[in-house]
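# Fold and geometry: a report
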Amino acid sequence: MKTSICAVAVAFAMGLPVFGRTFYVNCRLDDYTGHDGTAPELAFETIQQGIEKCAYAGGDEVVVYPGVYDKGLPRYYNPETGQHWWRSSRIRVGDRDVTIRSTGGADVTHIVGAHDPETEDGFGTNAVRCIDVEKNLSSTRKVRFEGFTIRDGSTANETSCPGQGGAVMASSGSNEGNPDVYFVDCVFSNCQAADSVFQGGTYVRCLIADNNFRKAPVASSVIVCR
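Residues numbered from 1 in each chain as written. Predicted model: local features only at pLDDT ≥ 70, side-chain atom pairs only at ≥ 80, totals over all residues. Heavy atoms only, no water.

This part covers the pattern of salt bridges. Tallying each qualifying case throughout the model produces six salt bridges. Between Asp-185 and Arg-205 there is a salt bridge whose closest N-O contact spans 2.8 Å. One end of the pair, Asp-185, is in the loop between β12 (181–184) and β13 (187–189); the other, Arg-205, is in the loop between β16 (202–204) and β17 (206–213), with 20 residues separating them in the sequence. Looking at Asp-185, the relative accessible area reads 31%, which means it is partly exposed. (Salt bridge = Lys/Arg side-chain N within 4 Å of Asp/Glu carboxyl O. Helix = DSSP H or I, 4+ residues; strand = E, 2+ residues; numbered from the N terminus. Buried < 20%, exposed > 50% of the residue type's maximum accessible area, 1.4 Å probe, protein only.)

The following block contains the structure:
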C-alpha cells in the first residue's frame, strides 16, 4: 500500500537544549586521517561516528554538512561474515541528550537506509532501517534531528518488532513509542515496513510521502496533518 501524507505541522513549546560540545561530520572530504570531529576541517565521515563521541547527558551537538550518508556499520553487523540481521540500522543514537542538525537542509543532506537487494519486495535480513534511537521513556533526555531527507529504509518481513519502524524506531525498551525524539524540517520518502514506518517520535514541519507499509503508517507517534 502506497501513501502520501500531507506536510506535518505541529506547533509546540519545546525548550532549547543547552549545548555542550560540538562534533562535525562531512562525507565529502578526501582524507579522514587523524580526524576527531572537533572542527570542520577535522570532521568525521559518518554521522554515527559523531554520535558515538557525544556524552549521554549534557546536550552535545552533531553538525552535518551536505552529502549522502549511507555508510556506517549497520547494527549487529558481523565483520567476519559481512552479514547483519533485521535490527540493522544506519544510525543508532541510544539514550543520549543530543541534537543532530544539517547545515544545508533536507534538500542536500540525506540519511539513507537500504531495502534488501536479495528479495523481490525489499524486506528481509539485509534491510537497513534509517534511524534507531531506543531511549527510555523515563529519561528526560531529548534527541533532535533537524534538516534531513531520510529515505530508503526497510525492515524484515514480519509483523512484530522486526517489521516496525522502517524509517524510524524511536521506542523504549518495551517497544512503546517515545515522543521525546524530535524530527524537525525533515523529509521521509521511500521507506517501508511490514508494520509501521514510524515507531514513536514527534514530527514537526516534516514532509512524509511515498512510503510503503502493510498495517499502519505510524505507531505511538505524535504527528498532525493539516
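That shown, we press on.
Two elements, strand β5 (residues 89–92) and strand β8 (residues 129–132), share three bridges in a ladder whose sense is parallel. Residue Ser-89 lies in a different strand from β8, and its bridge partner there is Arg-129. Bridging between β8 and strand β11 (residues 168–169) involves two bridges; their strand directions are parallel. Opposite Ile-131, over in β11, you have Val-168 as the bridge partner. (Pairing = 2+ DSSP bridges.)

Moving on, we come to the sheet that holds β12. Here we have six strands laid out as an open sheet, ordered β2-β3-β6-β9-β12-β16, and parallel in their pairing. Strand pairing shows two members of the sheet lacking a second neighbour, β2 (22–25) and β16, which therefore form its edges. Each adjacent strand pair in this sheet contributes to an overall mean axis angle of 15°, direction not counted. Relative to strand β3 (residues 60–64), β2 runs parallel, the two sharing four bridges. (Axes fitted to C-alpha atoms, helices over the stretch in contact; angles between N-to-C directions.)

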